[in-house]
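# Commentary on secondary and tertiary structure
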Amino acid sequence: MNKGEKTISILGCGWLGLPLAERLLEKGFLVKGSSTSTEKLQGLSEKGIQPFHIHLSPQINADYQPEFFESQVLILNIPPGRRQPDIETIYPQQISELIKVAGETSLKKILFVGSTSVYPNLNREVTEEDAGGQISSSGKAILKAEQILHNQNRFQISILRFCGLYNRERNPGRFLAGKELSSSGKDRVNLIHQEDCIRIIMKLIEKESWGETFNACGDQHPEKEQFYPVAAKHLGLTPPSFDDKASASYKIINSGKLKQKLDYSFAYPDPAKALEKS
């Protein structure tokens, strides 16, 4: 791969997309980035990212610039809107719209940033084959989007299913602090550090690993009653409490396929130790 000639478009330059764009720029890639907010475009430009205003409702905004999709790789990094009442309908429509407009350009490859919410709680390890079943509306919306991407024949597709995202600023200790939870403290934690997300995306692009679906989650999965109280105290917050009588309902995300095919080792395999370093 000649990185100097490689152009990558990132749809969604937020918490993950923006630092990913900055890392790609450091490696010599030309990066195009989108935002739904016109106010943020100047900030992208100042960082060396070619800015584009793209909004999906679910149709793309009439004034969008097709040039955004003129890249070797498009990274789709837009999660379903959590407050959308028709999330299972709207989100797949948004992905269909993107495929339609991108299909009118020279784009060949799409990397879809998905989620492990596509897996039900089976109280065991889950692999890429376990998607579907009793999952949330968000999980159903993402799974439908994946199916739309798989059913088209215009692009080479790979899918990364990330679990819970965190870093030093987005400390997971805040997620449950002070809450009295009706769930079991024996349930397991599935988290991945922002740095690992970026490295994995870079690795996939570098290795040209297309036509794949990968789970991406840190190696260690401590019980919630062990992890979250320590994480909350680390921030000086009130620890959560769990229901000792509640039945366990969890999943353990297995990232073995990713580690093998991409020859990847996690920079932050253990979320508890990652908090100790911050």
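One structure accompanies this document, and this report is about it.

Conventions and cut-offs
Residues numbered from 1 in each chain as written. Predicted model: local features only at pLDDT ≥ 70, side-chain atom pairs only at ≥ 80, totals over all residues. Heavy atoms only, no water. Helix = DSSP H or I, 4+ residues; strand = E, 2+ residues; numbered from the N terminus. Rg over C-alpha atoms; globule rule 2.2 N^0.38 Å. Buried < 20%, exposed > 50% of the residue type's maximum accessible area, 1.4 Å probe, protein only. Contact = heavy atoms within 4.5 Å. Areas by Shrake-Rupley, 256 points an atom, 1.4 Å probe, with all protein chains shown as cover. Expected span 1.5 Å × (residues − 1). Salt bridge = Lys/Arg side-chain N within 4 Å of Asp/Glu carboxyl O. Core = buried A, V, L, I, M, F, W, Y, C linked by side-chain atoms within 4.5 Å. Pairing = 2+ DSSP bridges. Axes fitted to C-alpha atoms, helices over the stretch in contact; angles between N-to-C directions. Parallel < 35°, antiparallel > 145°, perpendicular 65-115°, else oblique. Left-handed = near helix turned anticlockwise from the far one by under 90°. Nonpolar A, V, L, I, M, F, W, Y, C, P; charged D, E, K, R; others polar. Phe/Tyr/Trp six-rings, centres within 6.5 Å; stacked < 30°, edge-to-face > 60°. Lys NZ or Arg CZ within 6 Å of the ring centre and 35° of its normal.

### A word on the overall build of the chain
Scanning the chain from N- to C-terminus turns up nine helices and eleven strands. The C-alpha atoms of the chain give 19 Å as radius of gyration, which agrees with the globular expectation for 278 residues (19 Å, within 12%). When its C-alpha atoms are laid out on the principal axes, the chain stretches across 55 × 40 × 35 Å. Evaluated residue by residue, the chain yields a buried proportion of 52% over its 278 residues. The contacts of the chain with a sequence gap of at least 6 include a subset with a gap of at least 24, amounting to 75%. Accessible area for the chain stands at about 13400 Å²; split by element, carbon and sulfur atoms hold 44% of it.

### Describing helix α3 (residues 87-102)
Relative to the 22 Å expected for 16 residues at 1.5 Å per residue, α3 spans 22 Å between its end C-alpha atoms, a close match to the ideal helical length. If you check which residues of α3 are buried, you get Ile 87, Tyr 91, Pro 92, Gln 94, Ile 95, Glu 97, Leu 98, Ile 99, Val 101 and Ala 102. Looking at the packing, one finds that the buried side of α3 touches β1 (7-11), β4 (73-76), β5 (109-115) and α4 (137-151).

### With respect to the side chain of Thr 116
Positionally, Thr 116 belongs in the loop between β5 and β6 (125-126). Ignoring any residue separated from it by four or fewer positions in sequence, one finds Thr 116 in contact with Arg 161, Phe 162, Cys 163, Lys 251 and Ile 253.

### Observations concerning the pattern of salt bridges
Pairing is possible between side chains of opposite charge, provided their charged atoms come close. Across all of its chains, the model carries 14 salt bridges by this definition. Arg 161 serves as the salt-bridge partner of Glu 146, at 2.6 Å between the closest nitrogen and oxygen. Of the two residues, Glu 146 is situated in helix α4 and Arg 161 in strand β7 (residues 156-162); the sequence distance between them amounts to 15 residues. An identical accessibility class is assigned to Glu 146 and Arg 161; each is buried. Through salt bridges with shared partners, a single ionic network connects Lys 6, Lys 109 and Glu 208.

### A short note on the nonpolar core
In terms of nonpolar packing, the biggest core is built from 70 residues, with Phe 69, Ile 75 and Phe 162 touching the most fellow members. The contacts of Ile 75, once residues within four sequence positions are left out, are Ile 8, Ser 9, Ile 10, Leu 11, Leu 20, Leu 111, Val 113, Ile 201 and Ile 205. The next biggest cluster of nonpolar side chains, apart from the first, holds ten residues, and it includes Tyr 166, Val 189, Phe 242 and Ala 274.

### Details of α4
End to end, α4 covers 21 Å across 15 residues, agreeing with the expected 21 Å (1.5 Å per residue, within 8%). Within the sequence span of α4, burial applies to Gly 139, Ala 141, Ile 142, Leu 143, Ala 145, Glu 146 and Leu 149. On its buried face, α4 is in contact with β4, α3, β5 and β7.

### Things to note about the sheet that holds strand β10 (residues 213-216)
Overall, parallel pairing links the seven strands, which are arranged β3-β2-β1-β4-β5-β7-β10 in an open sheet. The open sheet is flanked by β3 (50-53) and β10, the only strands paired with a single partner. Adjacent strand axes in the sheet meet at a mean angle of 20°, parallel and antiparallel pairs treated alike. Relative to β3, strand β2 (residues 30-35) is paired through four bridges, and the arrangement is parallel. The residue bridging Gly 33 from the neighbouring strand is Pro 51, located in β3. Together, β1, β2 and β4 form the strand contacts of helix α1 (residues 17-26), whose direction differs from that of β1 by roughly 170°.

### Focus on the pairing of β10
Burial along β10 is two-sided: Thr 213 and Asn 215 and Phe 214 and Ala 216, pointing in opposite directions, are all buried. Where β7 lies against β10, four bridges are found, and the strand directions are parallel. The residue of β10 that forms the bridge with Arg 161 is Asn 215.

### Some thoughts on the packing of α3 against α4
At a minimum axis distance of 8 Å, the contact between α3 and α4 shows a crossing angle of 25°. By the angle class used here, α3 and α4 are roughly parallel. Seen along the crossing, α3 lies across α4 with a hand that is right-handed. For the pair α3 and α4, the contacting residues are Ile 87, Glu 88, Tyr 91, Pro 92, Ile 95, Ser 96 and Ile 99 in the first and Ser 137, Ser 138, Lys 140, Ala 141, Ile 142, Lys 144, Ala 145, Ile 148 and Leu 149 in the second. Looking at the contact of α3 with α4, its residues break down into ten nonpolar, three polar and three charged.

### A closer look at the packing of aromatic side chains
As enumerated under the stated definition, the model contains five aromatic pairs in all. Ring geometry for Phe 68 versus Phe 69: centroids 5.1 Å apart, planes at 85°, classification edge-to-face. We classify Phe 68 as buried; its relative accessible area is 0%. Looking at Phe 69, the relative accessible area reads 1%, which means it is buried. With a centroid separation of 5.0 Å and 80° between ring planes, the pair formed by Phe 227 and Tyr 228 is classed as edge-to-face. On the basis of relative accessibility, which here comes to 8%, the residue Tyr 228 falls in the buried class. An aromatic cluster is built from Phe 52, Tyr 64, Phe 68 and Phe 69, whose rings are joined through pairwise contacts. Seen from the ring of Trp 15, Arg 170 lies directly overhead, with NZ or CZ sitting 4.5 Å from the centre. Of note, Lys 257 hangs over the ring of Phe 214, and the distance from its end group to the ring centre comes to 5.4 Å.

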